[in-house]
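Now for the letters of each chain:
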Amino acid sequence: MRVLLLLSLATVVYADAPQILARRCLSCHNDSTRLGNLSLTSRATAAAVLPAKLLARVERGEMPPGGGLPAAERAEIKQWIEAGAPWETTLAARPRATSSFWSLQPLASPAGTIDSHLETALRAKGLAFSPPADRRTLIRRATFDLTGLPPTPAEVDAFLNDRAPNAYEKLIDRLLASPAYGERWGRHWLDVIRYGESHGYEQNHVRPHAWRFRDYVIRAFNQDLPFNRFMMEQVAGDLLAPGDPNVEVATGFLVAGPHDTVGNSNLAAMRQQRADDLDDIVNATASAFLGLTVNCARCHDHKFDPIQQLDYYRLAAIFNGVTHADRPIATPEARAAREALTAPLEQQSKRAKELLASLTESTKPNRAAAEAALRVRHRAPVSPFGAEESWPPARARFVRFRAPQGFPGGLDEVELFTPDGQNLAPAARLTVSSTRIADGNPDAYHARHLHDRVFDKRWFPEGAGPAEITIELPAPALTGKLAWSTDRARAFQGRFQQNTVSQYAIELSIDGQSWTPVASHVNRLPHRQPDLDRLITLEALAPDARARFAATEAELQAAEAQLKQIPPLPLAYAGVFKQPAEPVYLLKGGSVMQRGDPVLPASLSTLSHAPFTVPLNAPEGEARLQFARWLADNRNPLTPRVIANRLWHYHFGRGLVATPSDFGYNGERPSHPELLDHLAQRLLAHGWRLKPLHKEILLSAAYQQSSGFQSGAARVDADARLLWRFPPQRLQAESLRDAMLHVAGALNPERGGPSFRLYKYTVDNVATYFPLDQFGPETYRRSVYAESARSISTELLTVFDCPDSSLPEPRRVSTTSPLQALSLLNHSFTVDMARALEKRLANLSAGERIRQAFLLTYGRPPEPAELTQSHQLITEHGFIHFARALFNTNEFLYVY
């Protein structure tokens, strides 16, 4: 009995060990593959290696390849074997996709229409489409869907009164032709590709020129750029249309993701940063265009999809020449025009620098003597670790320390001494001309650090202009010396040696009105080495050569001043492309310090159409261009399926494949596979243009049906996956905000250009963002033009599930929380829009104001009971409360 109990306990205690074998080993050592003539599916098939051989290979880290097991799992296996390897189950290989997986097959060409495919599935469940939606519902649905804005009352009336058979088709054509279409559908694409306007990571500085890529996306959608061309331009626009700024900017896609801007001299850290940049590009490209999770093969072959680890590094090698940076974007004509202005000045500058260098070189024989002579005539330079100025004893109540060029590097202490060495500063009152504010810590650079007798913190003035410190004593006293330092504790190992005050004046006053100079930097040697070198050169030159040196300096300064006046070429955060300094290596276990063989840029082995391989020494860009063509090839089965599914997802709230960026084994299977291929084929038939496919979808009976609930149908298909009704959808955060602006008559029609901010942005090494609580008209543009910094909440948008741009968001979540209702009712933006709506309708009669408010927000007039209740609410609480209530209703928030 005791033996049985021990065996039972051993089986329970070590139950995880066989599962470790299943997770780590079974993909190679199963009954089918029997790699090394070994199967670990059961104790019987594994008997040849149990226990000694298995334990030895595991302990040596030989198995599995790529570094072996983690220490904890290695210990688990050891204890299990030492206990006799209790093993009662048969392990099954983890299910995974093969090359025959549905999404990797060529497109089928199923007969039928959108509706016929859906009706076939509905009939199989005893269901049917719902009746058609009424016209008011339909125009509101289609307008929000295609433009992200509500229809105006005039547009609703025009549609209601248009009795032409093609009235609805004309409505769709008008909406697709609206510039608001690109703003709405461009925003969807920006979600998919992790577009953000800051770097992320620790510093998270903004990218002031990233907006040009956003405008490119909006423009591409509005122009109905064929999607295959759209893909190609985002991967290789600089190669497809060099010199065309409207195309070159498209490569902003490659660098739209996060990027760590903190430098690192550690080899492993540098390699890791570069590997992470490439991983972001690989992940974004594969998920957005192919619907594949190629990034899961970074450390090993994909566990579920037929994607080799080598495939991951093939893609990384394609993008090996891409680095994060701004790039000038201009036409050849604009570049030539600017060069015509800059070339003469640059030549003048070059000649001046060469002459100055020649004159400096000529002083080599006597520089040492010149420097010695200077040191005899001048005082020592200031030091960041401590400097002082003395003067004959003089009475003063005020001491002023002025710096015409500011205090670069700040100051950690200022001390005022009497002739007998008493420090008067701690008891004095210090005032400063300005203080830099670090919003994350308002006290970080406070002036009190100047006289706290501690050297760990500094005062910094705001900006780089003139600055001053005034010491006010309680009563006049005898003074004789001022001492100061930037880094007295030498905590930064000379980091601030080039950043300390070197030009200054010290003045005394009894009354704070009349000032007497007592000391200055005059006759001190320069603190910065370049300035000292210049002074030595001037000392060593003969008088005529010294005059020539000064005149040449003036010429150089004039040329450089004129160069600064010439406007630079426009910049876009679209990446810089350079020949890689080294190839991409296959990293064992994904470790940047365990490099395998160099990897050639090549297409994925997962797909068999148009394979290509590019030599390692090929010019940068050749691999990107071939990859772009491979993506856009009509034989590629994934790209048309993925984009067709994305359109369906945004129209109906859920894709035919409910995981829009994962068409692999772990993604969901298509609810209507024939319909998906039908849509993909229609996309190809339209020359990859999206607008005709939009139109087909919106003209379908499935899209035009009512969203009304039917309990019988719901019992069969609770979430309307089969589309027996149109699924109601809550407005996305941007559409909600834009709709409120639109209804209130406050929407700024300005399109494109630099982004506006819904937060206060400050930088002190790292960026700090503070959401605004009051919003001016400068923020009343469409939300797609709001600057989207990573990891930053923007209140109303974030509350309604606007995603963070740190990661791709192919499918937004839609949560429901009390905070949403509270925010929508009480947020200052809501109150502002309610006031704007009141002002917009101020000249109307009481009844007409209510009627127009309903038409603007709901697209319908009020019912008699609603009219009565609205009158009562306005009478008791005012129109603003009434408007806030309208904004906070489901009828405004949802599209039915």
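Residues numbered from 1 in each chain as written. Predicted model: local features only at pLDDT ≥ 70, side-chain atom pairs only at ≥ 80, totals over all residues. Heavy atoms only, no water.

**Notes on the overall build of the chain**
- Looking only at helices and strands, the chain has 32 helices and 16 strands in total.
- Across the 896 residues that make up the chain, the buried fraction comes to 50%.
- Considering only residue pairs separated by 6 or more positions, the chain has 74% of its internal contacts joining residues 24 or more positions apart.
- Carbon together with sulfur atoms contributes 54% to the accessible area of the chain, which is approximately 40,300 Å² in total.
- Looking at the chain, you have 99 positive and 95 negative side-chain charges, and the mean spots of the two groups are 2 Å apart. (Helix = DSSP H or I, 4+ residues; strand = E, 2+ residues; numbered from the N terminus. Buried < 20%, exposed > 50% of the residue type's maximum accessible area, 1.4 Å probe, protein only. Contact = heavy atoms within 4.5 Å. Areas by Shrake-Rupley, 256 points an atom, 1.4 Å probe, with all protein chains shown as cover. Lys, Arg positive; Asp, Glu negative; His and termini not counted. Charge placed at Lys NZ, Arg CZ, Asp CG, Glu CD.)

**Notes on the side chain of Asp 801**
- Secondary-structure assignment places Asp 801 in the loop between helix 26 (796–799) and helix 27 (818–826).
- Separated by 2.7 Å, the side chains of Asp 801 and Arg 730 make a polar contact.
- Not counting residues up to four positions away in its chain, the partners in contact with Asp 801 are Arg 730, Arg 812, Val 813, Ser 814, Thr 815 and Gln 820. (Polar contact = N/O pair within 3.5 Å; in protein donor to acceptor, adjacent residues only side chain to side chain.)

**Considerations on the packing of aromatic side chains**
- Under the criterion given, the structure shown has 40 aromatic pairs.
- Look at Tyr 195 and Phe 213: their rings are 6.0 Å apart centre to centre, the planes differ by 40°, and that puts the pair in the tilted class. A residue pair is termed long-range when its members are at least 10 positions apart, and Tyr 195 in the loop between helix 9 (179–192) and helix 10 (211–222) and Phe 213 in helix 10 qualify at 18 residues.
- With relative accessibility at 3%, the residue Tyr 195 sits in the buried group.
- An angle of 10° between the planes, with centres 6.2 Å apart, marks the rings of Phe 304 and Tyr 665 as stacked. Taken as a pair, Phe 304 in the loop between helix 13 (267–290) and helix 14 (309–318) and Tyr 665 in the loop between helix 20 (638–652) and helix 21 (673–685) lie far apart in primary sequence, 361 residues in all.
- Each member of the aromatic cluster is reached from another via a ring pair, and the members are Tyr 181, Trp 185, Trp 189, Tyr 195, Phe 213, Tyr 216, Phe 221, Phe 227, Phe 230, Phe 253, Phe 289 and Tyr 650.
- Between Arg 669 and the ring centre of Tyr 665, over which it is positioned, the NZ or CZ distance is 5.0 Å. (Phe/Tyr/Trp six-rings, centres within 6.5 Å; stacked < 30°, edge-to-face > 60°. Lys NZ or Arg CZ within 6 Å of the ring centre and 35° of its normal.)

**Focus: the confidence of the model for the chain**
- The predicted model of the chain averages 92 in pLDDT, with 95% of residues at 70 or higher.
- Considering only residues more than four positions removed or in separate chains, one finds that residues 1–13, a stretch of pLDDT under 50, has 4 contacts. (pLDDT = per-residue confidence, 0-100.)

**Some words on the pairing of strand 7 (residues 505–509)**
- Extensive coverage of strand 7 is indicated by the burial of 5 of its 5 residues.
- Here strand 7 shows two buried faces, one formed by Ala 505, Glu 507 and Ser 509 and the other by Ile 506 and Leu 508.
- Where strand 3 (residues 387–403) and strand 7 come together, 5 bridges link them in antiparallel fashion. Residue pairing in the sheet places Phe 401 in a bridge with Ile 506 of strand 7.
- Here strand 7 runs beside strand 8 (residues 516–520); their pairing, made up of 4 bridges, is antiparallel. Bridge pairing links Glu 507 to Pro 517 in strand 8.
- Where strand 7 folds back onto strand 8 in an antiparallel hairpin, the turn is made up of 6 residues, including Gly 512, whose phi is positive at roughly 80°. (Pairing = 2+ DSSP bridges.)

**A word on the packing of helix 25 (residues 733–744) against helix 28 (residues 828–840)**
- Axis separation between helix 25 and helix 28 bottoms out at 8 Å; the angle between their running directions is 25°. When the axis of helix 25 is compared with that of helix 28, the two are roughly parallel. Seen from helix 25, the contacting residues are Arg 737, Met 740, Leu 741, His 742, Val 743 and Ala 744; seen from helix 28, they are Phe 829, Thr 830, Met 833, Ala 836, Leu 837 and Arg 840. (Axes fitted to C-alpha atoms, helices over the stretch in contact; angles between N-to-C directions. Parallel < 35°, antiparallel > 145°, perpendicular 65-115°, else oblique.)

**Observations concerning the nonpolar core**
- Among the nonpolar cores identified, the biggest contains 164 residues, and Trp 189 and Trp 648 are the most heavily contacted of them.
- With 9 residues, the top contributor of residues to this core is helix 13.
- Other than its neighbours up to four places away in sequence, Trp 648 contacts Ile 114, Leu 118, Gly 653, Arg 654, Gly 655, Leu 656, Leu 675, Leu 679, Ile 697 and Leu 723.
- The next biggest cluster of nonpolar side chains, apart from the first, holds 29 residues, and it includes Leu 416, Leu 430, Ala 447 and Leu 473. (Core = buried A, V, L, I, M, F, W, Y, C linked by side-chain atoms within 4.5 Å.)

**Notes on the environment of Leu 741**
- With respect to the secondary-structure elements, Leu 741 resides in helix 25.
- Sequence separation of Leu 741 and Thr 830 is 89 residues, and the distance between their C-alpha atoms is 9.4 Å.
- Leu 741 has contacts with Ala 746, Leu 747, Tyr 780, Arg 781, Phe 829 and Met 833, leaving out every residue within four places of it along the chain.

**Topic: helix 2 (residues 16–24)**
- Turning to helix 2, its buried residues number three or more, namely Ala 17, Pro 18, Ile 20, Leu 21 and Ala 22.
- The secondary structure elements touched by the buried residues of helix 2 are helix 4 (71–82).

**Some thoughts on a nonpolar patch on the surface**
- Taken together, the side chains of Leu 267, Met 270 and Met 593 present a nonpolar region at the surface, about 280 Å² in accessible area.
- When you line up the elements, Met 593 lands in the loop between strand 11 (584–587) and strand 12 (595–599).
- Residue Met 593 is classed as partly exposed on the basis of its relative accessible area, which comes to 45%. (Patch = residues over 30% accessible without salt bridge, like charges linked within 9 Å, V, L, I, M, F, W, Y side chains within 5 Å. Salt bridge = Lys/Arg side-chain N within 4 Å of Asp/Glu carboxyl O.)

**Examining the pairing of strand 14 (residues 759–764)**
- In this sheet, strand 15 (residues 766–771) lies alongside strand 14 in antiparallel orientation, the contact comprising 6 bridges. Of the residues in strand 15, the one forming a bridge with Val 763 is Ala 767.
- Where strand 14 folds back on strand 15, the antiparallel hairpin that results is connected by 1 residue, among which Asn 765 adopts a positive phi of roughly 70°.

**Quick notes on the pattern of salt bridges**
- Going through the model one piece at a time under the given rule, you end up with 51 salt bridges.
- Overlapping salt bridges bring together Glu 183, Arg 737, Asp 738, Arg 751 and Arg 782 as one network.

**Here we look at empty space enclosed by the protein**
- Within the structure shown, the criterion is met by 6 cavities of 30 Å³ or more.
- The volume enclosed by the largest cavity comes to roughly 90 Å³.
- As for the largest cavity, its lining consists of Arg 737, Leu 758, Pro 771, Leu 772, Phe 775, Thr 794, Glu 795, Leu 796, Leu 797, His 827 and Phe 829.
- By residue class, the composition of the lining of the largest cavity is 7 nonpolar, 2 polar and 2 charged. (1 Å grid on protein atoms, 1.4 Å probe; cavity = no way out; pocket = protein on both sides within 12 Å on 5 of 7 lines; lining within 4 Å. Points joined across faces, edges and corners; volume = space filled by probe spheres on them. Nonpolar A, V, L, I, M, F, W, Y, C, P; charged D, E, K, R; others polar.)

**Description of the side chain of Arg 884**
- Along the chain, the position of Arg 884 falls in helix 31 (residues 879–887).
- Among buried Asp, Glu, Lys and Arg side chains, Arg 884 stands out as unpaired, with Asp 832 the closest opposite charge at 10 Å.
- When neighbours within four sequence positions are excluded, Arg 884 is seen to be in contact with Leu 825, Asn 826, Thr 830, Val 831 and Ala 834.

**Describing unusual backbone geometry**
- One non-glycine residue with positive phi stands out, namely Asn 765, at about 70°.
- Looking at the element boundaries, Asn 765 is found in the loop between strand 14 and strand 15.
- Under the relative-accessibility criterion, Asn 765 is labelled exposed at 52%.
- Residue Ser 791 is not a glycine yet carries a positive backbone phi of 65°.
- If you trace the backbone, Ser 791 turns up in the loop between strand 15 and helix 26.

**Topic: the packing of helix 30 (residues 864–877) against helix 31**
- Look at helix 30 against helix 31: their axes get within 7 Å of each other, and the N-to-C directions meet at 130°. As far as their axial angle goes, helix 31 and helix 30 are oblique. Contacts between helix 30 and helix 31 involve Ser 870, Leu 873, Ile 874 and His 877 on the former and, on the latter, Phe 879, His 881, Phe 882 and Ala 885.

**Considerations on helix 8 (residues 167–177)**
- Of the residues making up helix 8, those classed as buried are Ala 167, Tyr 168, Leu 171, Ile 172, Leu 175 and Leu 176.
- Where helix 8 is buried, its residues meet helix 6 (135–147), helix 7 (153–161), helix 9, helix 22 (690–699) and helix 23 (701–704).

**Brief notes about the environment of Asn 645**
- Within the element layout of this structure, Asn 645 appears in helix 20.
- Residues in contact with Asn 645, not counting those within four places in the same chain, are Gly 655, Leu 656, Val 657, Pro 660, Phe 663 and Leu 676.
- At 2.9 Å, the side chain of Asn 645 and the backbone nitrogen of Leu 656 are in polar contact.

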